[in-house]
Structures are given as C-alpha cells and as structure tokens.
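So you can see what is in the structure, the chains are spelled out below.
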Amino acid sequence: MLRYVVRRLLLTIPLLVGISLISFLVIHMAPGGPIGAASDLNPKATAEVRERLKAYYGLDQPLYLQYGRWLGRMATLDFGRSFSPDGRQVVDKIRERIPVTLAINVLSLGIIFFVAIPIGIYSAVRKDSWFDRISTVTVFTGFAIPTFWLALLLMILFGVKLGWLPISGLVSLEHDSFSLAGRAWDRVRHLVLPVLLAGFGGLAGFSRYMRSNMLEVIRQDYIATAKAKGLPERLVVFRHAVRNALLPVITILGLSVPDLLGGSVIFETIFAIPGMGQLFYQGVMSRDYPLIMGILTIGAFLTLLGNLLADVGYALVDPRIRTG
Amino acid sequence: MEYEKPFAPALASWGMSILPKHLLETYEDISKSPLNKEHPIGTGPYKFVEWKPGERVVFDANPDYFEGRPYLQRVVTRVIPDQATLFLELKSGGIDSMNLTPLQYTRQTETDEFRKSYNKFRYTAFNYTYLGFRLSHPFFKDKKVRQGIACAIRKKELVDGVLFGLGQEAIGPYKPGTWVYNPDVPKFPYDPERAKRLLAEAGWKPGTDGTLEKGGQPFRFTVLTNAGNESRSKTAAILQQHLAAVGIRMEIRTVEWAAFINEFIDKRKFDAVILGWSITPDPDQYDIWSSKKTGPKELNFVGYSNPEVDRLLEEGRRTFDIEKRKKAYFRIQEILAEEQPYVFLYVPDSLPAVHRRIHGIEPAPIGIAYNFIRWYVPKGQQKYTSFQK
C-alpha cells in the first residue's frame with residue numbers, strides 16, 4: 001500500500017510539469033499580454049514605454065526561457081510576483097482569498113451531504129412515493145434555477161424588504177468596532193445567503209446519485225437475504241444497504257477536493273465576495289501570467305491529490321478492491 | 001521640466017501627486033518601494049488606511065490638508081462588481097452613493113420611497129461614443145459614403161434607446177457646453193433620402209434585394225465592439241436597423257477586450273468599430289487625429305489624415321493663448337464634422353445617486369465630486385459613529 005502511494009505521488013511530478021507546460025502555452029497564446037491593461041489606447045504609452053515594461057516583466061525573452069525560469073522558481077515553491085499594478089507575491093494574493101472560498105465551499109458541501117444523503121436514501125427506499133417525487137422536483141429546481149437570479153430574489157426579500165440579512169460582502173462597514181461575538185455573528189450573517197445558495201444548487205447531483213446507488217444496492221441478494229431473515233427494515237436499510245451505497249461517495253469526495261479552493265465567478269461576483277473565482281477571472285482578463293499559473297498549478301495538484309485520496313480511501317473501506 | 005517649444009497640455013499631462021522624498025530616497029529603484037503598492041502616502045484630502053483586495057479601500061480625513069480638513073471623517077470604497085447587487089446595496093442602505101445606469105435612473109428610482117432617502121444628480125459625462133471607420137477600407141475611403149451613413153443614423157433614437165434619453169447627440173469630439181466645443185459645424189442630421197442620395201453619388205445603387213451594390217459588390221461590412229459593454233452592443237443593434245433601412249448590411253461582432261485590441265485594432269483588421277473616448281480637460285487631441293499617429297499601437301487607428309488638421313493640431317498645442325487655441329480647435333471640429341472619419345454618436349450623462357444624509361453637495365457642470373471635502377452629515381443623521389475620534 002505504502003509503495004503504491006509513493007509511486008502515485010512520484011507520478012504526479014511529471015504530470016504536474018506536463019499540465020503546467022500546456023497551461024503556460026495556452027495562456028501565452030491568448031491575444032494580448034499583461035502590459036495591455038496599462039498601455040492599450042493610452043496616448044502616454046509610447047513604444048519605448050512598452051518595451052521597458054516588457055523587459056521589466058521579462059516578457060521580451062523567448063517563451064521557453066520564460067517557462068524555464070518559471071519552472072525553476074516553482075521547484076523552490078516560489079510562485080513569483082503578480083504582473084498586476086500592485087506587484088504583490090502571488091502566494092499572498094492566493095492566501096488571502098483561500099479562507100473565504102474554503103469556508104463557503106466546506107459549509108455548502110456540509111449542507112449538501114447532510115441534506116442530500118437522507119433525501120437520496122429515503123427517495124430510494126420509498127421509490128415513487130410522494131416524498132420521492134416532491135424531493136426530485138425540488139432538487140432539480142435548485143439545479144436548474146440560475147444562481148444569480150435566485151440570489152437577487154433572496155437579496156431583495158431578506159436584504160431590502162425584510163432587512164434581516166446583509167446583501168453582499170463579507171463583513172459590515174463597522175465590523176472592526178464590534179465585540180468578538182458581534183464580529184462572529186456579523187460574518188455568519190454575511191455567509192448565510194451564499195452558503196445556502198451554493199448548497200441548494202448542489203443538492204440535485206448528490207441526492208440523485210445517492211438515490212441510484214441505493215436502488216442498486218437494494219436490489220442485491222444480500223438485502224433480500226437480510227429481509228428474509230426477518231430483520232426490521234430500519235436495520236436492513238441502515239446497516240446493510242446504506243453502508244454499501246455510500247462507497248462511491250468517496251470518489252465524489254475525492255473529486256471535490258480541488259473544488260474546495262475553486263470559487264465560482266458568477267457566484268462571487270453577485271455577492272461581491274473576494275474569493276478565488278474572482279481572483280482567477282481577473283487574472284485571466286489582465287493576462288497576469290504568474291497568478292494564472294499559480295492558481296492552475298495549485299488546482300492541478302489538488303485534483304491529482306484528490307484522485308489519489310479517493311483511490312486510497314476506496315481501497316481502505318472496500319476489501320474487494322484491496323485484494324483485487 | 002523644460003520644453004523646446006511651448007506645449008499647452010504639458011501641465012495637465014504630468015498629473016502626478018507630490019511624492020514623499022524621505023520615504024523613497026532609501027530605495028535605489030523606487031518601483032521597489034512598498035510605498036507605491038502597499039501604503040501610498042500623498043498630500044491629498046484623505047489618508048490611506050487600509051486596502052482589502054477585491055473588498056474595500058478605506059480612507060481617513062487628512063487634518064493637514066492644505067484646503068482644510070475634509071468634513072467626512074472616513075470614506076470607504078467598496079468593490080461590488082455586479083450592477084444589480086450594487087443597486088440593492090444602495091436600496092437597503094448598505095452604501096451611500098453609486099452611479100446609476102440610465103435604466104435605474106428612469107425606471108427603478110422614480111418612487112417616493114427612493115426619493116425619500118436619495119438625491120439623484122445628472123450632468124454631462126466626460127466621454128463620447130462613436131462609430132469609427134477604417135479609412136483605408138475600399139467602402140469608407142469615400143467621404144460621401146461616410147456622410148451618407150451619418151445621415152442614415154438617427155442619433156436621437158440612440159440617445160432614447162441606449163441612454164433612456166439621458167444624454168445628448170454628439171457632433172464632435174468635445175464636451176457640449178465647454179469653451180472648446182463648437183456647436184456650429186456642418187451637420188448631417190437624420191435624413192434617409194439624403195443618405196441614399198449621397199451613397200448613390202458615391203456609386204452605391206440598390207440591387208435586386210434592396211442591398212446597395214457597386215460594381216457587383218454588395219455593401220456588407222462588420223462592425224466590431226468590445227464584449228461586456230452593454231450600451232455599445234445596444235448601439236450596434238440600433239445602428240444595424242438604421243443602416244438596413246438605406247440598404248447597408250451591417251454585421252455585429254463583439255470581441256473580448258484584449259483580443260479586440262491586439263487582433264483587430266492593432267492589425268487594422270476591422271471595417272468599422274463602435275468605441276468611446278473620454279474627453280480630457282485639455283482639448284489637445286493630437287494622438288487621435290494626427291496623421292503622424294497612425295503607427296502600431298497608436299491611437300489614430302482609423303488612419304485619419306488631413307494636412308490642415310495636422311497643422312491646426314500643432315498650432316493648438318503650441319500656444320497658451322486660449323483664443324488662438326479655440327480658433328484652431330473650432331476649425332478642427334468643422335473639418336471633422338464635414339469629413340466624418342467617425343460618426344460621433346452620443347455623449348451620455350453621469351447619474352450619481354447620493355444618500356440624503358449627506359449635505360453640502362453643489363452640482364456644477366463639472367459634476368458633484370469637486371467639493372467632496374465640503375460634504376457633511378449633520379449630527380443626528382450620522383450613521384457610522386464608531387470611526388469618530
């Protein structure tokens with residue numbers, strides 16, 4: 001097992017290099033460049049200014065050299081400085097965005113689990129019942145409704161009409177003057193709408209997944225056996241069926257690892273949340289190469305790591321895979 | 001600074017604040033100083049307190065400001081990317097001021113409830129939108145074609161449709177009402193018959209399906225504009241209708257900004273564009289109209305060239321005599337209006353809304369922000385009291 005894990009980890013290195021090379025080429029193929037934002041259609045940006053800016057960012061060198069330098073820095077985990085006017089360290093820019101993105105994603109993933117799993121189980125056990133139908137319609141509504149539209153409606157209701165919740169942002173203007181408890185409460189109030197909305201949108205996929213897993217398991221012979229033994233239904237469902245139906249969830253969890261740090265642009269834009277999604281979007285729009293590369297590399301690493309974790313986790317809980 | 005020849009826009013072109021020498025001289029390369037990026041220090045009415053990227057910037061009043069301490073103790077600028085969210089924040093009282101869109105100004109704020117809490121202002125903005133032609137294009141080389149297109153466009157409909165009436169028709173590249181603006185230039189008002197006549201004089205005659213043709217070639221072209229600018233894409237859609245009425249088929253293409261500049265403007269791969277310029281306080285527009293500014297990455301990308309305009313542009317920037325400058329720029333406007341290298345479309349209005357708590361605002365032609373340091377909130381109406389010292 002250990003050898004397997006080590007081998008997989010070593011394999012991620014060439015994979016990461018390959019992914020980063022492709023990313024690097026693709027973003028450099030996009031028209032325009034980092035100095036465009038400051039110099040395009042700007043009468044003061046003469047050809048000389050442009051050349052100096054290019055030299056300042058090292059953009060005057062051949063592409064393979066630029067990539068080589070980037071790779072060399074990455075080997076020491078140095079993400080470099082952003083090309084945006086603030087010129088800050090890419091690591092700092094990413095680090096300050098992670099907490100809020102992570103918090104929203106973990107909380108909404110939690111909601112999805114705690115709501116979707118019971119819905120899935122119950123819908124499967126009582127297939128075609130009223131509950132099954134209503135919950136199906138509800139979760140699909142959540143899936144189908146455009147997030148930004150629902151978000152606006154909820155903002156109007158809770159923010160403007162009722163005045164219960166703040167509309168956007170992370171904290172109130174006077175946040176710093178609040179007591180410790182007041183500050184915590186302030187943050188919670190700002191997170192309610194984004195987290196609920198993110199959760200609502202994700203219910204459908206997960207609950208349907210759980211339901212079909214469950215239906216699959218219920219048809220198995222060992223469930224029939226358990227029922228035939230005269231076990232109460234509750235025991236059959238929870239001890240025998242659910243445990244097996246939950247297995248594929250590990251895969252989903254593994255695949256969710258990179259999503260934890262990836263924010264949605266639409267979502268963050270509508271709630272004015274400075275998260276990873278906006279950071280990446282702005283990076284792409286301003287062709288901030290070091291920032292884009294930094295985020296892509298982290299994303300690629302987390303994806304590979306998530307896959308590995310899922311495989312290992314699977315092997316741990318399912319003896320059939322371990323021995324096979 | 002010393003110039004070889006007089007250069008009128010010089011003072012305005014420096015546009016740089018006073019820098020703190022004692023904090024910069026320790027750095028060999030001042031671009032490495034944290035002052036630029038992390039904690040700017042200047043001599044303005046407000047002092048930098050805090051910047052949370054993507055979230056907010058906070059400023060406190062500078063008690064030593066040379067015109068006196070501003071009345072508002074703290075100013076917070078919030079970053080809210082979405083227009084709809086921004087508007088809801090305003091309505092819920094989360095923010096005190098924002099710039100409204102024409103739609104919000106005319107349709108969503110005409111309620112007693114809104115008026116009870118907010119003052120709305122309206123003044124001419126410092127920018128204009130135009131339809132620019134690549135003048136080396138075989139269709140648009142001919143002045144008559146450009147004049148014909150100008151006559152086919154009903155600018156009033158653009159102002160009504162795109163700006164909900166909150167703006168005015170443009171006839172030149174300056175802000176209406178300013179000293180340099182010349183209202184008496186040759187005009188090509190909406191007149192489809194005249195448009196057809198002008199186009200016919202240029203050799204464009206209706207073909208079997210009504211589309212204009214010349215030498216068997218139909219009058220079809222593509223107008224480009226940048227993606228994400230709603231008023232420009234609306235403008236394009238309305239222009240498409242106007243031009244179709246005189247037999248010109250115009251396709252619309254919107255392109256992401258960087259690609260728009262690098263792939264189309266820089267490479268001169270466009271027929272026509274819908275874009276805008278901001279109008280600077282100094283009237284020098286050498287960079288936009290001079291035939292010496294048609295090179296790569298330069299601003300005269302339509303390729304406009306007129307010896308008289310070149311001479312007048314030089315004249316205008318080489319004298320500080322406002323009357324002489326005015327004469328030069330008036331004449332430039334006449335020539336531009338006659339030659340129509342751009343069809344100047346409209347000048348929008350700025351539409352700020354500010355909470356009624358805030359007093360001392362005195363609207364002027366330049367807008368409302370000029371006396372910001374004298375804005376205040378009377379005792380009793382003050383909302384954020386924790387900042388006060």
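Keep in mind it's a predicted model, so treat the numbers as computed, not measured. (Residues numbered from 1 in each chain as written. Chains lettered and ligands numbered in written order. Predicted model: local features only at pLDDT ≥ 70, side-chain atom pairs only at ≥ 80, totals over all residues. Heavy atoms only, no water.)

## A few points about the sheet that holds strand 16 (residues 352-355) of chain B
All names here are of chain B. In spatial order, the strands read 4-16-5; together these three strands make up an open sheet with antiparallel pairing. For this open sheet the edge positions go to strand 4 (97-99) and strand 5 (118-120), each flanked by a neighbour on one side alone. Looking at each pair of strands side by side, their axes are set apart by 15 degrees on average, direction ignored. Direction of pairing for strand 5 relative to strand 16: antiparallel, over a ladder of three bridges. When the sheet's bridge partners are listed, Lys-120 is paired in strand 16 with Ala-353. Of the strands in this sheet, strand 4, strand 5 and strand 16 touch helix 4 (residues 83-92), which is tilted by about 145 degrees from strand 4. (Pairing = 2+ DSSP bridges. Helix = DSSP H or I, 4+ residues; strand = E, 2+ residues; numbered from the N terminus. Axes fitted to C-alpha atoms, helices over the stretch in contact; angles between N-to-C directions. Contact = heavy atoms within 4.5 Å.)

## Topic: the side chain of Asp186(A)
Residue and element names in this part refer to chain A. Here Asp-186 is to be found in helix 8 (residues 180-218). The side chain of Asp-186 sits in the buried core without any salt bridge; Arg-189 is the nearest counter-charge, 4.8 Å away. In this structure the side chain of Asp-186 is engaged in a polar contact, spanning 2.8 Å, whose partner is the side chain of His-175. Setting aside residues up to four positions removed in sequence, Asp-186 forms contacts with Leu-170, Val-171, Ser-172, His-175 and Phe-178. (Buried < 20%, exposed > 50% of the residue type's maximum accessible area, 1.4 Å probe, protein only. Lys, Arg positive; Asp, Glu negative; His and termini not counted. Salt bridge = Lys/Arg side-chain N within 4 Å of Asp/Glu carboxyl O. Polar contact = N/O pair within 3.5 Å; in protein donor to acceptor, adjacent residues only side chain to side chain.)

## Digging into empty space enclosed by the protein
Counting across every chain of the model gives four cavities of 30 Å³ or more. Its volume calculated, the largest cavity comes out at about 60 Å³. Around the largest cavity sit Asp40(A), Leu41(A), Ile261(B), Ile265(B), Asp266(B), Arg268(B), Lys297(B), Glu298(B), Leu299(B) and Phe301(B), which together line it. Broken down by class, the residue content of the lining of the largest cavity amounts to five nonpolar, no polar and five charged. (1 Å grid on protein atoms, 1.4 Å probe; cavity = no way out; pocket = protein on both sides within 12 Å on 5 of 7 lines; lining within 4 Å. Points joined across faces, edges and corners; volume = space filled by probe spheres on them. Nonpolar A, V, L, I, M, F, W, Y, C, P; charged D, E, K, R; others polar.)

## Re the pairing of strand 14 (residues 272-278) of chain B
Residues and elements named next belong to chain B. By the criterion of burial, strand 14 is predominantly enclosed, with five of the seven residues buried. In this structure, strand 7 (residues 127-133) lies alongside strand 14, joined through seven bridges in antiparallel fashion. Among the inter-strand pairings, Tyr-128 is bridged to a residue of strand 14, identified as Trp-277. As defined by bridge partners, strand 12 (residues 220-226) adjoins strand 14 across two bridges and the pair is classed as parallel. Looking at strand 14, one finds that Leu-224 is bridged to Val-273.

## Things to note about the domain arrangement of chain B
All names here are of chain B. Split by domain assignment, chain B resolves into domain 1 (2-122 + 351-381) and domain 2 (127-348). Each of domain 1 and domain 2 was reduced to a C-alpha centroid, and the two centroids are 33 Å apart. Contact with domain 1, which involves 14 residues of that partner, is made by 15 residues of domain 2. In total, domain 1 and domain 2 occlude about 1200 Å² of area from one another, counting both sides; carbon and sulfur atoms represent 66% of this. Among the residues of domain 1 in contact with domain 2, Pro-6, Phe-7 and Ala-8 are the three that bury the most area, contributing 38% of the side total. Here domain 1 is connected to domain 2 by zero salt bridges. The interface formed by domain 1 and domain 2 includes four residue pairs in polar contact (both at pLDDT 80 or more). By residue number, the principal contributor to the side of domain 1 that touches domain 2 is helix 5 (residues 102-108), which donates five residues. Split by residue class, the side of domain 1 that touches domain 2 holds ten nonpolar, one polar and three charged. (Domains from an automatic or database assignment. Buried area = accessible area lost by both parts, 1.4 Å probe.)

## Thoughts on the interface of chain A and chain B
With 36 residues of chain A at the contact, the number on the chain B side is 39 residues. Summed over both partners, the interface of chain A with chain B buries about 3200 Å², with 61% contributed by carbon and sulfur atoms. The salt bridge partner of Arg287(A) is Glu256(B), with a shortest N-O separation of 3.1 Å. Taken together, the connections running from chain A to chain B amount to six residue pairs in polar contact (both at pLDDT 80 or more).

## Quick notes on the environment of Thr254(B)
All names here are of chain B. Note on placement: Thr-254 falls in strand 13 (residues 249-255). Classification of Thr-254 as partly exposed rests on a relative accessible area of 42%. Separated by 20 residues in the primary sequence, Thr-254 and Ile-274 have C-alpha atoms spaced 9.8 Å apart.

## Digging into helix 13 (residues 307-317) of chain B
Residues and elements named next belong to chain B. What helix 13 keeps buried is the set Val-309, Asp-310, Leu-312, Leu-313, Gly-316 and Arg-317. Next to the buried residues of helix 13 lie helix 12 (286-289) and helix 14 (322-339). The opening residue of helix 13 is Asn-306, an N-cap whose side-chain oxygen sits 2.8 Å from the backbone nitrogen of Glu-308.

## Quick notes on the pairing of strand 12 of chain B
Residues and elements named next belong to chain B. Counting buried residues along strand 12, five of its seven residues qualify, which places the element largely inside the surrounding structure. Alignment of strand 12 against strand 13, held across seven bridges, turns out to be parallel. Note on strand 13: the bridge partner recorded for Asn-226 is Val-255. In this fold, strand 12 hands off to helix 10 (residues 230-245), which returns the chain to strand 13; that crossover is right-handed. (Right-handed = clockwise from strand over helix to strand, strands pointing away.)

## Some words on a nonpolar patch on the surface
Residues and elements named next belong to chain A. A surface patch of nonpolar side chains, about 540 Å² in accessible area, is lined by Leu-2, Val-6, Leu-10, Ile-13, Val-17 and Leu-71. Counting residues per element, the nonpolar patch draws most heavily on helix 1 (residues 2-29), at five residues. Tracing the backbone shows Val-17 in helix 1. (Patch = residues over 30% accessible without salt bridge, like charges linked within 9 Å, V, L, I, M, F, W, Y side chains within 5 Å. Areas by Shrake-Rupley, 256 points an atom, 1.4 Å probe, with all protein chains shown as cover.)

## Things to note about the nonpolar core
Counting 76 residues, the largest nonpolar core has Leu131(B), Ile149(B), Phe219(B) and Trp289(B) as its most contacted members. When residues no more than four places from it in sequence are discounted, the contact partners of Trp289(B) are Tyr128(B), Pro173(B), Asn300(B), Tyr304(B), Val309(B), Asp310(B), Leu313(B), Leu336(B), Pro341(B), Tyr342(B) and Phe344(B). If you look at the next biggest cluster of nonpolar residues, it comprises 23 residues, including Leu203(A), Met210(A), Ile223(A) and Val249(A). (Core = buried A, V, L, I, M, F, W, Y, C linked by side-chain atoms within 4.5 Å.)

## So, the domain arrangement of chain A
Residue and element names in this part refer to chain A. Considered domain by domain, chain A is made up of domain 1 (2-74) and domain 2 (97-323). Computed over C-alpha atoms, the centres of domain 1 and domain 2 are 33 Å apart. Taken together, the 21 residues of domain 1 in the interface contact 14 residues of domain 2. Roughly 1600 Å² is buried in total at the junction of domain 1 and domain 2, and carbon and sulfur atoms are behind 78% of that figure.

## Let's talk about the packing of aromatic side chains
All names here are of chain B. Taken as a whole and judged by the stated rule, the model has 36 aromatic pairs over all chains. Taken together, a centroid distance of 6.4 Å and an interplanar angle of 80 degrees make the contact between Tyr-71 and Tyr-376 edge-to-face. Of this pair, Tyr-71 sits in the loop between strand 2 (56-61) and strand 3 (74-78) while Tyr-376 is found in the segment after strand 16, placing the two residues 305 residues apart along the sequence. For Tyr-71, a relative accessible area of 45% gives the class partly exposed. (Phe/Tyr/Trp six-rings, centres within 6.5 Å; stacked < 30°, edge-to-face > 60°.)

## Thoughts on the packing of helix 5 (residues 90-125) of chain A against helix 8 of chain A
All names here are of chain A. With their axes 6 Å apart at the nearest point, helix 5 and helix 8 run at an angle of 35 degrees to one another. When the axes of helix 5 and helix 8 are compared, the crossing they make is right-handed. The residue inventory of the contact of helix 5 with helix 8, partitioned by class, reads 23 nonpolar, six polar and one charged. (Left-handed = near helix turned anticlockwise from the far one by under 90°.)

## Some words on the sheet that holds strand 2 of chain B
Note on sheets: strands pair through backbone hydrogen bonds, and any given pair is parallel or antiparallel. Residue and element names in this part refer to chain B. Here three strands make up an open sheet; going across it, the order is 1-2-3 and the pairing antiparallel. Both outer strands of the open sheet, strand 1 (46-52) and strand 3, are each paired with one neighbouring strand and no more. Averaged over all neighbouring strand pairs, the angle between strand axes comes to 20 degrees, with direction disregarded.

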